[in-house]
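This is what each chain is made of:
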Amino acid sequence: GGKWGACSVPSGKCVELGVKDNLCGECQALPGGKKGFRLYNPRGITFDGYTFDDSGNGPGSQQVLNVCMLARYGNKGDYGADGAALKSSLALTAQGTVKGPHFFGACGEGACGACSGNGPLPAGADWRMLAIGNSCDGDHDLDKAWA
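Now for a look at the structure at hand. (Residues numbered from 1 in each chain as written. Predicted model: local features only at pLDDT ≥ 70, side-chain atom pairs only at ≥ 80, totals over all residues. Heavy atoms only, no water.)

### Here's the deal with the state of the cysteines
Link 1 in the chain: Going through the model one piece at a time under the given rule, you end up with three disulfides.
Link 2 in the chain: A sulfur-sulfur distance of 1.9 Å marks the disulfide that ties Cys14 to Cys27. A torsion of 95 degrees about the S-S bond marks the disulfide between Cys14 and Cys27 as right-handed. One end of the pair, Cys14, is in helix α1 (residues 12-17); the other, Cys27, is in strand β1 (residues 26-29), and 13 residues separate them in sequence. With respect to burial, Cys14 and Cys27 carry one shared label: buried. (Disulfide = S-S within 2.5 Å. Helix = DSSP H or I, 4+ residues; strand = E, 2+ residues; numbered from the N terminus. Buried < 20%, exposed > 50% of the residue type's maximum accessible area, 1.4 Å probe, protein only.)

Here's what the structure looks like:
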């Protein structure tokens, strides 16, 4: 894995909100009683020591939807009957965080299977098989973390 830093185990709030992997963030309910959750860490959310691509992370982007599914169901998770994340899902970049290695996500649909923005990752997908950096083959690109 990467070297982003240590993170905490999911809290009772995460369990209550149905979050299997908190991605090193604090789980919060959405305002107004909306269904879903928010993960927050001012130092950045991560999985396996890597952060996520800071490009291609706008509202409803495929990369963001896949990261939401990773949080909700865990790596290699079974999506069950609940299905995919909503298209209104979004990511915010953590302010002032240092840059670090990240999963490749800034690609168009159909670009390559090693990109988290390629299309919906199927149930059971292993994030550890995705490219790290800014290309399908991986490289040493560093990005600012998502908050």
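### Describing the sheet that holds strand β4 (residues 99-103)
Hydrogen bonding along the main chain pairs the strands of a sheet, whether they run parallel or antiparallel.
Link 1 in the chain: Taken together, the three strands give an open sheet; going across it, the order is β3-β4-β5, and neighbouring strands pair in mixed fashion. Edge positions in the sheet fall to β3 (51-52) and β5 (142-144), since each of these pairs with one other strand and no more.
Link 2 in the chain: In this sheet, β5 lies alongside β4 in antiparallel orientation, the contact comprising three bridges. Across the sheet, Lys99 pairs through a bridge with Lys144, a residue of β5. (Pairing = 2+ DSSP bridges.)

### Some thoughts on the nonpolar core
Note that soluble globular proteins tend to have their nonpolar side chains buried in a common cluster.
Link 1 in the chain: Counting residues in each nonpolar core, the largest one holds 25 residues, and the members touching the most others are Val19, Leu23, Leu39, Phe52 and Trp127.
Link 2 in the chain: Looking at this core, the elements with two or more residues in it are α1, β2 (37-40) and α2 (62-73).
Link 3 in the chain: Within the second largest apolar cluster, six residues are counted, among which are Cys112, Ala114, Cys115 and Ala131. (Core = buried A, V, L, I, M, F, W, Y, C linked by side-chain atoms within 4.5 Å.)

### Looking at the packing of aromatic side chains
Link 1 in the chain: Under the criterion given, the structure shown has seven aromatic pairs.
Link 2 in the chain: For the pair Phe52 and Trp127, a centre-to-centre distance of 5.8 Å together with 90 degrees between the ring planes defines the contact as edge-to-face. Taken together, the residues span a long stretch of sequence, with Phe52 in strand β3 and Trp127 in the loop between β4 and β5 at a distance of 75 residues.
Link 3 in the chain: Taking the relative accessible area as the measure of exposure, Phe52 reaches 0% and is therefore buried.
Link 4 in the chain: Relative accessible area serves as the criterion here: at 3%, Trp127 is assigned to the buried category.
Link 5 in the chain: A network of ring pairs unites the aromatic residues Phe47, Tyr50, Phe52, Phe103, Trp127 and Trp146 as a single cluster. (Phe/Tyr/Trp six-rings, centres within 6.5 Å; stacked < 30°, edge-to-face > 60°.)

### What about the side chain of Asn41?
Link 1 in the chain: Relative to the assigned elements, Asn41 resides in the loop between β2 and β3.
Link 2 in the chain: The buried category is assigned to Asn41, whose relative accessible area is 8%.

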